[in-house]
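So the chains spell out like this:
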There are 2 protein chains.
Amino acid sequence: MRDVSIVGIGQTPISEHWDKSLRHLAADAVLAAMGDARVERADMLYVGNMLSGEITNQEHLGALIADFVGLRGIEAFKIEAACASGAAAVRMGYIAVASGLADIVIAVGVEKMTDETGDLVTGGLALAADGDYEVPHGLSFLAINALLMRRYMYEYGIEHGDFGNFAVVAHQNALNNPNARFHIPLTLDRFDRASPIADPITMMDSSSIGDGAAAVVLCPTSHARAFTSQSVRIAGSSAATDCLSLHDRKDPLRLRAVEYSAQKAYRQAGIGPDDIDFFEYHDAFTIMAALSLEASGFAEPGKGTLLAKEGAIALDGRIPVATMGGLKGRGHPVGATGVYQIVEAVQQLRGQCGPNQLSEARYGMTQNIGGSGATAVTHILQAWE
Amino acid sequence: MRDVSIVGIGQTPISEHWDKSLRHLAADAVLAAMGDARVERADMLYVGNMLSGEITNQEHLGALIADFVGLRGIEAFKIEAACASGAAAVRMGYIAVASGLADIVIAVGVEKMTDETGDLVTGGLALAADGDYEVPHGLSFLAINALLMRRYMYEYGIEHGDFGNFAVVAHQNALNNPNARFHIPLTLDRFDRASPIADPITMMDSSSIGDGAAAVVLCPTSHARAFTSQSVRIAGSSAATDCLSLHDRKDPLRLRAVEYSAQKAYRQAGIGPDDIDFFEYHDAFTIMAALSLEASGFAEPGKGTLLAKEGAIALDGRIPVATMGGLKGRGHPVGATGVYQIVEAVQQLRGQCGPNQLSEARYGMTQNIGGSGATAVTHILQAWE
């Protein structure tokens, strides 16, 4: 098995891209990543996407995007794992390079969501939940997260306001990310006054959909120096699953897939949570932020919001999160999000984050979650030494 | 890179399964394959599927099916490449085992299509074509194949009746396949009298949709003997792409993705078309049968139907095809088809095909095509020696 590194990154701003089709967005990110890596060819392309069939009336994205970026002929597939599709595509690229079958692999995550009405998008996102046992009861994705949040508050005696720091930090960090969907500062007071959506979840607990694409170029670490002096090594790559339905889980507040995948990634990298310098977590809702920190070993069960309250998740804290805005501030184009997380982690490890740059970031962890926790894909990235 | 073998196979009959959901079909195939390989665990699961989001209102099939078959927790993703999704999932499994990351990988192809009306299915299948430049003009998948067939007949002076042997052989071979959708003998005379659908394509040129699932268990060849004395080695595995739109191709009668993927598979296996003992080709329409034979090196351009006319594609011919019925006779549950082809090739190489058993089958080739040729996934399987 070969060691794998990231030698190129690209991303589009997350926005309502009325002037760009799905393939244009993907091409913008892929061509930027290829330019960054200074490569003109690739052996394989993996496309992370969840909803192109439902929203854009287009499947078969592998061949479509390979052709459109000038790589007609190469092997290319679409990878789907709900909101974890993006990191799943990177994971497949990692495996292909590690295997020795391919020397240059591109993984792109793309999602175009704002062409359709909210109803269709809400229905589309519900495809990540159990279509036989959850959705027919009217459970939207938002509702599932509201159930989780209510249970968490009850179980651990947490107030809604305690979740506010997750959103405040995300919006703060997004201010300096030109690709973020939002550049709107948020205060705890404004968090408390946000409109409810599905009690206890309010507008400010929720990340926003959007259109966007992000891409990485992968190659064997042994070749990486030939491309760039700024390569970033994949020290850990892992994925795990859980049941789709909340009601099938012994303890719904315990994200087992996240636990498994984090443990596997730590084991592969030979490090633990204390060695991680920043964490690009999956804060689709503030409750997922808390649960992810706990399942990944950064906080005890029920203590995730405390970590946030203490300031540990700020850029100068013990475990900075969402350093470029996270899902809440940067936006959450579902199938693309996992690749955005990895692109931003590479930016941190290369020292390209401007005012948000962490000092001495050596290991960054990214974690992309599908559904209410049924898929988790974790990567640990290591700065070139 | 490790050598990879198939140590277990499973399949459901292809039918209108009103009594089984998507997950039940997939589980039937996966559990049969696991039983066949005598394994109780797996490291990864790849699900080939095209239309679960559009037809069954369910995405996130990786985690869903892993959980339902008793493998909750393992890494699992859905792979999509239009009608080539099934073989693409096997290809991902091949890469994962070859890489050394996983010792037991299951690939399952599943599609449930008959729950919905024909309009929705026709619309769903059109997602494999170019959604910006083909579909808006009213081009269904059938229409695209009709254009190809008409062009082929014009270019090479072929009559519609010349395509009949592809369908006759497929239906003949399906008679002895208990899992085939059709057990209806077909004659050339009946082929000529079939109802037109999209001129020149008639009902008897077209394969049928259906519900079904097929699965394989993969492991390193070095471990294969521990599972079964009937393992089958993957001597070649490859994928290639082309543009989605017919109008973007210099010569639409030349399937470039098929050419590339066949050549890559031959090269890997160290053999050529003359060494292939049977060919499970992608006869979604009779025109695709002819074009596949030509692009894979079994016939000169324009001579595919001649090969059929001469009897070369029969079970006792030079290059038997669709030995268990092919897409036309067995049925074509799109995302599952590629795995059915591989399962049937394993049956042939194991000597389990009953009246359809070939004598001395050493190498079998399977080829799964997405769209009108934009994705091709080719495998060359080799009998244990």
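Residues numbered from 1 in each chain as written. Chains lettered and ligands numbered in written order. Predicted model: local features only at pLDDT ≥ 70, side-chain atom pairs only at ≥ 80, totals over all residues. Heavy atoms only, no water.

## Thoughts on the relation of the copies chain A and chain B
Thought 1: You can overlay chain A on chain B at an RMSD of 0.0 Å; the transform is a turn of 180° with a shift of 0.0 Å along its axis. Interpreted geometrically, this transformation is the action of a two-fold axis. Identified as the residue of chain A closest to the rotation axis by C-alpha distance is Ser99 of chain A, at 1.8 Å.
Thought 2: When you check the interface residues of chain A against chain B, 100% turn up at the interface there too, and the contact is symmetric in its surfaces. (Least-squares fit on C-alpha atoms with pLDDT ≥ 70 in both. Contact = heavy atoms within 4.5 Å.)

## A closer look at the side chain of Arg330 of chain A
All names here are of chain A.
Thought 1: Within the secondary structure, Arg330 sits in helix H13 (residues 326–330).
Thought 2: We classify Arg330 as buried; its relative accessible area is 1%.
Thought 3: The residues touching Arg330, leaving out its near neighbours within four places in the chain, are Ile14, Ala174, Asn177, Asn179, Ala180, Arg181, Met324, Gly325, Thr337, Tyr340, Gln341 and Glu344. (Helix = DSSP H or I, 4+ residues; strand = E, 2+ residues; numbered from the N terminus. Buried < 20%, exposed > 50% of the residue type's maximum accessible area, 1.4 Å probe, protein only.)

## A look at the interface of chain A and chain B
Thought 1: Contacts between chain A and chain B engage 58 residues on the former and 58 residues on the latter.
Thought 2: Both sides together, the interface formed by chain A and chain B hides about 4500 Å², and carbon and sulfur atoms give 57% of it.
Thought 3: Summed over the three residues of chain A that lose the most area to chain B, namely His60, Phe77 and Glu80 of chain A, the buried surface amounts to 16% of that side.
Thought 4: The interface formed by chain A and chain B contains six salt bridges.
Thought 5: Between Arg91 of chain A and Glu75 of chain B there is a salt bridge, with the nearest N and O atoms lying 2.8 Å from each other. (Buried area = accessible area lost by both parts, 1.4 Å probe. Salt bridge = Lys/Arg side-chain N within 4 Å of Asp/Glu carboxyl O.)

## Examining the environment of Glu54 of chain B
Thought 1: Within the secondary structure layout, Glu54 of chain B lies in helix H2 (residues 52–55).
Thought 2: Assessed through its relative accessible area of 16%, Glu54 of chain B is described here as buried.
Thought 3: Taking the C-alpha atoms as reference, Glu54 of chain B lies 6.7 Å from Gly124 of chain B; in sequence the two are 70 residues apart.
Thought 4: The contact partners of Glu54 of chain B, leaving out residues within four places of it in the chain, are Gly53, Glu54 and Glu59 of chain A together with Leu120 and Leu127 of chain B.

## Looking at the packing of helix H6 (residues 141–156) of chain B against helix H11 (residues 286–295) of chain B
When two helices pack together, their arrangement is given by the angle between the helix axes and the distance between those axes.
Residue and element names in this part refer to chain B.
Thought 1: Running from N to C, H6 and H11 cross one another at 60°; their axes reach a closest spacing of 9 Å. Between H6 and H11, the angle falls in the class oblique. Viewed along their axes, H6 and H11 form a crossing whose handedness is left-handed. Facing Asn145, Leu148, Met149 and Tyr152 of H6, the residues of H11 in contact are Thr286, Ile287, Met288, Ala290, Leu291 and Glu294.
Thought 2: Its residues assigned to classes, the contact of H6 with H11 comprises seven nonpolar, two polar and one charged. (Axes fitted to C-alpha atoms, helices over the stretch in contact; angles between N-to-C directions. Parallel < 35°, antiparallel > 145°, perpendicular 65-115°, else oblique. Left-handed = near helix turned anticlockwise from the far one by under 90°. Nonpolar A, V, L, I, M, F, W, Y, C, P; charged D, E, K, R; others polar.)

## Structural notes on the pairing of strand E3 (residues 75–80) of chain B
Thought 1: Among the six residues in E3 of chain B, six count as buried, and that is most of the element.
Thought 2: Burial along E3 of chain B is two-sided: the face carrying Glu75, Phe77 and Ile79 of chain B and the face carrying Ala76, Lys78 and Glu80 of chain B are both buried.

## Quick notes on the confidence of the model for chain A
Thought 1: A residue-level look at chain A finds 100% of positions with pLDDT of 70 or above and a mean pLDDT of 97.
Thought 2: Across the assembled chains, the prediction reports ipTM 0.97 with pTM 0.98. (pLDDT = per-residue confidence, 0-100.)

## Regarding the pairing of strand E8 (residues 232–241) of chain B
Each regular strand shows side chains that alternate between the opposite faces of the sheet.
Residues and elements named next belong to chain B.
Thought 1: In terms of burial, E8 is a largely internal element, nine of the 10 residues being buried.
Thought 2: Sheet topology note: the strand E1 (residues 4–11)/E8 ladder contains two bridges and is antiparallel. Across the sheet, the residue bridging to Ser5 is Arg233, located in E8.
Thought 3: The pairing of E8 with strand E11 (residues 375–383) spans nine bridges and is antiparallel. Note on E11: the bridge partner recorded for Arg233 is Gln382. (Pairing = 2+ DSSP bridges.)

## Let's talk about the environment of Asp242 of chain A
Thought 1: Along the chain, Asp242 of chain A falls in the loop between strand E8 (232–241) and helix H10 (256–269).
Thought 2: Relative accessible area serves as the criterion here: at 5%, Asp242 of chain A is assigned to the buried category.
Thought 3: Sequence spacing of Asp242 of chain A and Gly157 of chain A is 85 residues, and the spatial spacing of their C-alpha atoms is 26 Å.
Thought 4: Once residues within four sequence positions are removed from consideration, Asp242 of chain A is found in contact with Arg249, Arg256, Ala257, Gly373 and Ala374 of chain A together with Ala63 and Arg72 of chain B.

## Comments concerning empty space enclosed by the protein
Thought 1: Tallied over the full model, the rule gives one cavity of 30 Å³ or more.
Thought 2: Within this model, the largest cavity holds a volume of roughly 50 Å³.
Thought 3: Surrounding the largest cavity, Ser21, Leu22, Arg23, Thr56, Gln58 and Leu64 of chain A together with Asp132 of chain B form its lining.
Thought 4: Considered class by class, the residues forming the lining of the largest cavity number two nonpolar, three polar and two charged. (1 Å grid on protein atoms, 1.4 Å probe; cavity = no way out; pocket = protein on both sides within 12 Å on 5 of 7 lines; lining within 4 Å. Points joined across faces, edges and corners; volume = space filled by probe spheres on them.)

## Looking at helix H5 (residues 118–125) of chain A
Thought 1: Those residues of H5 of chain A lying buried are Val121, Gly124 and Leu125 of chain A. All buried residues of H5 of chain A project into a common sector of 95° when viewed along the axis, lining one side. (Arc of directions from axis to C-beta.)

## A look at helix H4 (residues 85–99) of chain B
Residues and elements named next belong to chain B.
Thought 1: An ideal rise of 1.5 Å per residue puts 21 Å on 15 residues; H4 measures up with 21 Å between its terminal C-alpha atoms.
Thought 2: The buried fraction of H4 is high, at 15 of 15 residues.
Thought 3: Count one or two residues on from H4 and you reach Gly100, which has phi positive near 95°. (Expected span 1.5 Å × (residues − 1).)

## A look at the packing of H4 of chain B against helix H14 (residues 334–350) of chain B
Residue and element names in this part refer to chain B.
Thought 1: Between H4 and H14, whose axes approach to 4 Å, the crossing angle comes to 60°. As summarised for this structure, H4 and H14 are arranged oblique, according to the angle between their axes. Residues Ser85, Gly86, Ala87 and Val90 of H4 pack against Gly335, Gly338, Val339 and Ile342 of H14.
Thought 2: When grouped by side-chain class, the residues that make up the contact of H4 with H14 number four nonpolar, four polar and no charged.

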